[in-house]
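# Commentary on secondary and tertiary structure
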Amino acid sequence: VCDAEDDCLLVQNDVPNLDLNTCDCETNYVATWDSLFPDGPQVLTACTFTCPTGIGHEWTGCISSDWDDPQNWLAGTVPTATDDVIIPDVSPNASPVISSGISAVAQSVLVDNDASLDIAGDLSIDGSAADGLLNRGTLTVSGVLNIDNTVGTALRSMGGMIDINSGTVNIG
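Residues numbered from 1 in each chain as written. Predicted model: local features only at pLDDT ≥ 70, side-chain atom pairs only at ≥ 80, totals over all residues. Heavy atoms only, no water.

This next bit is on the sheet that holds strand 9 (residues 108–111). As summarised here, the arrangement of the five strands in space is 5-6-9-12-15, forming an open sheet in which the pairing is parallel. Sheet topology places strand 5 (57–58) and strand 15 (155–157) at the edges, where each strand pairs with a single neighbour. Looking at chain direction, strand 9 and strand 12 (residues 133–135) are connected through three bridges and run parallel. In the sheet register, leucine 110 faces strand 12, and the bridge partner there is leucine 134. (Pairing = 2+ DSSP bridges. Helix = DSSP H or I, 4+ residues; strand = E, 2+ residues; numbered from the N terminus.)

What follows is the structure, given as structure tokens:
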């Protein structure tokens, strides 16, 4: 939506520079994007942005591939053990990577169609009321994936690819 330098202005209800990370996920925002540079490749005006409902955390990848960076999440915070995480296809933005040395947690994780999640560190999923990790995209595990206490299937792949590349998956 912004130009190559990410220069843009968001106006919501005549309030400039509204941070969508403050979205309460129950409010519909009418967002108007205006490029600060008139020759920017895209200008989007009068777009309606609807916060996702019933979703704990959705990945945006706006800053980097770092799972542990709050700015990469729509909610503006890194997921906690009580969050249901959705990883959509955000290309051309970065897909999430849980780097070596990082311990991440979630209540459940959905890797959507054409999306990917790379676990080089540790991811613990616990307490899901449905599937623990539902993969419709690409899941790569070179670290440790722990899934426990799920009502549904612990690890399910529906049309997705799972690559356990010298990693460990513990289901219990």
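Read on for the rest.
For the rest of this paragraph, the subject is the sheet that holds strand 8 (residues 103–106). Spatially, the four strands line up as an open sheet ordered 8-11-14-17, and their pairing is parallel. In the strand order of this sheet, the two ends are held by strand 8 and strand 17 (168–171), each with one partner. Strand-to-strand twist of the sheet, defined as the mean angle between neighbouring strand axes without regard to direction, takes the value 10°. Two strands pair when backbone bridges link them, and strand 11 (residues 122–126) and strand 14 (residues 144–148) are joined in this way by five bridges, in the parallel orientation. Of the residues in strand 14, the one forming a bridge with leucine 123 is leucine 145. (Axes fitted to C-alpha atoms, helices over the stretch in contact; angles between N-to-C directions.)

This part is about the pattern of salt bridges. Tallying each qualifying case throughout the model produces two salt bridges. We note a salt bridge from arginine 136 to aspartate 112, for which the minimum N-O separation is 3.9 Å. Here aspartate 112 lies in the loop between strand 9 and strand 10 (116–119) and arginine 136 lies in the loop between strand 12 and strand 13 (138–141), a separation of 24 residues in the sequence. Here aspartate 112 falls in the partly exposed class, since its relative accessible area comes to 23%. Here arginine 156 makes a salt bridge to aspartate 131, at a shortest N to O gap of 2.9 Å. With a gap of 25 residues between them, arginine 156 in strand 15 and aspartate 131 in the loop between strand 11 and strand 12 connect regions that are remote in the sequence. For aspartate 131, a relative accessible area of 16% gives the class buried. (Salt bridge = Lys/Arg side-chain N within 4 Å of Asp/Glu carboxyl O. Buried < 20%, exposed > 50% of the residue type's maximum accessible area, 1.4 Å probe, protein only.)

Relative to the helices and strands, alanine 130 is located in the loop between strand 11 and strand 12. Taking the C-alpha atoms as reference points, alanine 130 and asparagine 149, 19 residues apart in sequence, are found 10.0 Å from one another. Apart from residues lying up to four places away in sequence, alanine 130 is in contact with Thr150, Val151, Gly152 and Thr153. (Contact = heavy atoms within 4.5 Å.)

What follows deals with the packing of aromatic side chains. Under the criterion given, the structure shown has two aromatic pairs. By way of ring pairs, the aromatic residues Trp59, Trp67 and Trp73 are connected into one cluster. (Phe/Tyr/Trp six-rings, centres within 6.5 Å; stacked < 30°, edge-to-face > 60°.)

This next bit is on the side chain of histidine 57. Of note, histidine 57 is situated in strand 5. Here the side chain of histidine 57 touches threonine 77 through a polar contact of 2.8 Å, side chain to side chain. Not counting chain neighbours up to four residues away, the residues in contact with histidine 57 comprise Trp73, Ala75, Thr77, Val78, Pro79, Asp83, Asp84, Val85 and Ile86. (Polar contact = N/O pair within 3.5 Å; in protein donor to acceptor, adjacent residues only side chain to side chain.)

Side chains of strand 9 alternate between two faces, with Ser108 and Leu110 and Val109 and Val111 buried alike. Pairing between strand 6 (residues 84–87) and strand 9: four bridges, direction parallel. Counterpart to isoleucine 87 in the pairing with strand 9 is valine 111.

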